[in-house]
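Below, each chain spelled out in residue letters.
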There are 2 protein chains.
Amino acid sequence: MLLVHVGDEMQVGFVGFGEVATTISLGLKTNGVDVYTCLSGRSPRTAENAVNSGVKLYSNYKELAENSDILFSSVVPSMAVEVAKMVGDYSKGIFVDINNISPVTVKNALNKIKNGKTVDAAIVGSVVKNGLNVKIIASGPSVDGFLKLNRYGMNISVVGHEIGDASTIKLLRSAYTKGVSALLFESLYHAYKMGIDKEVLNCIAETEGEDFLGSANSRIVSALFHAKRRSEEMEEVVEVLSEHQNPTMAHATSNFFNSISESIEKPVKRPKNYTEVYKILFDE
Amino acid sequence: MLLVHVGDEMQVGFVGFGEVATTISLGLKTNGVDVYTCLSGRSPRTAENAVNSGVKLYSNYKELAENSDILFSSVVPSMAVEVAKMVGDYSKGIFVDINNISPVTVKNALNKIKNGKTVDAAIVGSVVKNGLNVKIIASGPSVDGFLKLNRYGMNISVVGHEIGDASTIKLLRSAYTKGVSALLFESLYHAYKMGIDKEVLNCIAETEGEDFLGSANSRIVSALFHAKRRSEEMEEVVEVLSEHQNPTMAHATSNFFNSISESIEKPVKRPKNYTEVYKILFDE
């Protein structure tokens, strides 16, 4: 068990201040870490998050990058490379990309960090449910320094030495779980049309464990709600998997979500349960 | 709790005497049921199973069918319709098709039973592991009579009123689990090539429950070992699902297993674990 001594105080910075940054910041602050961000160019929502969290502010990203022992990039996926470029010359500590992006994009982003002190990090599971203790997998040259945050209540595991290992693991997990959602969606729809959907769910739960019934509903609801984004993410998976094989299942999963997203003409409210999903898609 | 009274003795017959019949017979005999079969035209292995189980024998199928309160058809899938035709005119009791066949084939088979006392039954899970207590789902006109076997230690659940309900539920479950195996096989192969396969499994297990790690190995091993049969079974799934949709995921699962079965030039011994599977398929 490592102990935190006086003088060990960490300064942690965040570029971007959405749900992940808010949750981790609040947790770290409670455990005595100084947390900073910068609101220049950020959305009003980001600003509000940061102000409500009570984190300290720098007026520009150069200062934020120069003064952070550990600097998180936690932005929308499309901004990841740009953010790394913006602070790449100034980052003095360890730069941690914790964005939900593909291994290829992680490498592009971390290549911009001049001091080479980088970590590829990925969140596994739900920040909302688990708070500061959410599982984070990490790889890359500066992973040992990043692990120091476990002294302040974080739950980081080293999964490899290369940039790309952590994000590939997350990507493969995501390929698997998205595929499972698609399989379930398709099989259960036939059962729904026959009026035996509950029986099919119970029958699968027989061997798939007790959690299955609870997760089945949310998997199908999310499948509809996030169809477009999932289809795009699965395109990235196809690209990555194609290095070693012709990824039949990942292709199908991408096509599956694409065809759902094309069936919805207008944005939908999050449906309550899977029967509502089937009604929205097929019965109207 | 129902009790068995003197005078309630049941006569149960089996056409076909493989693993399912052997296991159920032994259990039922222990609980006081008279079990019969007929060895005419059966393989030496079937005959040996029946003799070792100590069941009683009729010399022809007409007598077996006339004297059974409940008559199970438990044969190789390709024989299911033929067997039903053979005893269709003589079956006096309830005819239970417990074969692993598609809903379409179940309907074809049970249509041959003249008295109309029929049950569509499907085994969920492993007979080897669970013995007489293995979960059996059942539907059809005579399902109430079939349920009487629960008094003798069986574990039958009614899942619908129509012939085809039980076999459809089993088929949809099977579509789901075979698809899951294919997804896992494909994603984990990429991880294996990168040397991060154990980390990926642990990462998926984080949200998929504790059983995941144990089942992952056997799913991938079975995927290779039974690839050809699975591909054929998935073709039946595609046919069934096509009634209400274009089954993208089932198609892909069928193609996936087909491409594996085509990669294996000669029959293989059951591999020990998933890494051996990947070596057999890709590294030789």
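Residues numbered from 1 in each chain as written. Chains lettered and ligands numbered in written order. Predicted model: local features only at pLDDT ≥ 70, side-chain atom pairs only at ≥ 80, totals over all residues. Heavy atoms only, no water.

### Focus: the pattern of salt bridges
Between side chains of opposite charge, pairing is possible as soon as their charged atoms come close. Counted by the stated rule, this structure contains 16 salt bridges over all chains. Across the pair B:K56 and B:D34 runs a salt bridge, and its minimum N-O distance is 3.0 Å. Of the two residues, B:K56 is situated in strand β3 (residues 56–58) and B:D34 in strand β2 (residues 34–38); the sequence distance between them amounts to 22 residues. On the basis of relative accessible area, B:K56 is assigned to the partly exposed category, the value being 38%. Put simply, B:E232 and B:K228 hold a salt bridge, and the shortest N to O gap is 3.5 Å. Within this pair, B:E232 and its partner B:K228 are both found in helix α11 (residues 227–241), separated by 4 residues, close to a single helical turn. Residues joined in a network through salt bridges with shared partners are A:K178, A:R229 and A:E233. (Salt bridge = Lys/Arg side-chain N within 4 Å of Asp/Glu carboxyl O. Helix = DSSP H or I, 4+ residues; strand = E, 2+ residues; numbered from the N terminus. Buried < 20%, exposed > 50% of the residue type's maximum accessible area, 1.4 Å probe, protein only.)

### Regarding the interface of chain A and chain B
At the junction of the two partners, chain A supplies 49 residues and chain B supplies 49 residues. Summing both sides of the interface, chain A and chain B together bury roughly 4,500 Å²; the carbon and sulfur share of this comes to 70%. Taken together, chain A and chain B are joined by 2 salt bridges. Across the pair B:E206 and A:K135 runs a salt bridge, and its minimum N-O distance is 3.8 Å. Applying the counting rule to chain A against chain B returns 8 residue pairs in polar contact (both at pLDDT 80 or more). Going through the elements one at a time, β7 (135–139), α8 (165–194), α9 (197–208), α10 (211–225), α11 (227–241) and α12 (248–263) of chain A are the ones with two or more residues in the side of chain A that touches chain B. No other element matches α8(A), which puts 20 residues into the side of chain A that touches chain B. For the side of chain A that touches chain B, the per-class residue count stands at 26 nonpolar, 13 polar and 10 charged. (Contact = heavy atoms within 4.5 Å. Buried area = accessible area lost by both parts, 1.4 Å probe. Polar contact = N/O pair within 3.5 Å; in protein donor to acceptor, adjacent residues only side chain to side chain. Nonpolar A, V, L, I, M, F, W, Y, C, P; charged D, E, K, R; others polar.)

### Details of the confidence of the model for chain A
Low pLDDT marks regions whose predicted coordinates should not be analysed in detail. Residues and elements named next belong to chain A. Of all residues in chain A, 96% have pLDDT values of 70 or greater, and the mean over the chain is 92. In the model, residues 1–6 has pLDDT below 50 throughout and makes 5 contacts with residues more than four positions away in sequence or in other chains. Taken together, the chains of this predicted complex give a pTM of 0.88 and an interface ipTM of 0.88. (pLDDT = per-residue confidence, 0-100.)

### Section: the relation of the copies chain A and chain B
Each of the two copies of the chain can be brought onto the other by a rotation about an axis and a shift along it. Taken as rigid bodies, chain A and chain B are interconverted by a rotation of 180 degrees and an axial shift of 0.0 Å, the fit giving an RMSD of 0.1 Å. The relationship between the two copies is best expressed as a two-fold rotation axis. The overlap is high: 100% of the interface residues of chain A also sit at the interface in chain B, so the same surface is used on both sides. (Least-squares fit on C-alpha atoms with pLDDT ≥ 70 in both.)

### Describing the sheet that holds β3(B)
Residues and elements named next belong to chain B. Taken in spatial order, the 8 strands make up an open sheet running β3-β2-β1-β4-β5-β6-β7-β8, and their pairing is mixed. At either end of the open sheet lies a strand with only one pairing partner, and these are β3 and β8 (155–160). Across this sheet, the average inter-strand angle for adjacent strands is 30 degrees, counted without regard to direction. In the sheet, strand β4 (residues 70–73) pairs with strand β5 (residues 94–97) via 4 bridges, with the strands oriented parallel. (Pairing = 2+ DSSP bridges. Axes fitted to C-alpha atoms, helices over the stretch in contact; angles between N-to-C directions.)

### Here's the deal with the packing of aromatic side chains
A ring pair, where both rings are aromatic, is described by two values, the distance of the centres and the angle of the planes. Taken as a whole and assessed by the stated rule, the structure comprises 24 aromatic pairs over all chains. Ring geometry for B:F14 versus B:F72: centroids 4.8 Å apart, planes at 10 degrees, classification stacked. Separated by 58 residues along the polypeptide, B:F14 in strand β1 (residues 11–15) and B:F72 in strand β4 bring together distant segments of the chain. Note on B:F14: relative accessible area 0%, which makes it buried. With relative accessibility at 0%, the residue B:F72 sits in the buried group. Here B:Y36 and B:Y58 contribute two aromatic rings whose centre-to-centre distance is 4.7 Å and whose plane-to-plane angle is 25 degrees, an arrangement assigned as stacked. Taken together, the residues B:Y36 in strand β2 and B:Y58 in strand β3 connect sequence positions 22 residues apart. Here B:Y36 falls in the buried class, since its relative accessible area comes to 11%. Joined through ring pairs, the aromatic side chains of A:F185, A:Y189, A:Y192, A:F256, A:F257, A:Y274 and A:Y278 make up one cluster. (Phe/Tyr/Trp six-rings, centres within 6.5 Å; stacked < 30°, edge-to-face > 60°.)

### Remarks on the nonpolar core
Looking at soluble globular proteins, one finds that nonpolar side chains tend to be buried together. A:F185 and B:F185 are the most contacted members of the largest nonpolar core, which totals 96 residues. Not counting residues within four places of it along the chain, the set of residues in contact with A:F185 comprises A:I220, A:A223, A:L224, A:F256, A:I260, A:V277, A:Y278, A:L281 and A:F282. (Core = buried A, V, L, I, M, F, W, Y, C linked by side-chain atoms within 4.5 Å.)

### A few points about the packing of α9(A) against α10(A)
Residues and elements named next belong to chain A. Interaxial distance between α9 and α10 falls to 8 Å at its minimum, and their mutual angle equals 130 degrees. Relative to α10, α9 is oriented oblique. For the crossing formed where α9 meets α10, the hand is right-handed. Note on element contacts: α10 touches α9 through F212, L213 and A216, opposite L201, N202, I204, A205 and E208. (Parallel < 35°, antiparallel > 145°, perpendicular 65-115°, else oblique. Left-handed = near helix turned anticlockwise from the far one by under 90°.)

### Observations regarding α12(A)
Between its first and last C-alpha, α12(A) extends 23 Å over 16 residues, near the 22 Å set by a 1.5 Å rise per residue. What α12(A) keeps buried is the set A:T248, A:M249, A:A250, A:A252, A:T253, A:S254, A:F256, A:F257, A:I260 and A:S261. (Expected span 1.5 Å × (residues − 1).)

### Thoughts on the packing of helix α8 (residues 165–194) of chain B against α11(B)
Residue and element names in this part refer to chain B. It is the contact of α8 with α11, at a shortest axis distance of 10 Å, that shows an interaxial angle of 125 degrees. Considered as vectors, α8 and α11 are oriented oblique to each other. For the pair α8 and α11, the crossing hand works out as left-handed. Taken together, the residues of α11 that come into contact with α8 (itself represented by L171, L172, A175, K178 and S181) are R230, E233, M234, E236, V237, V240 and L241.

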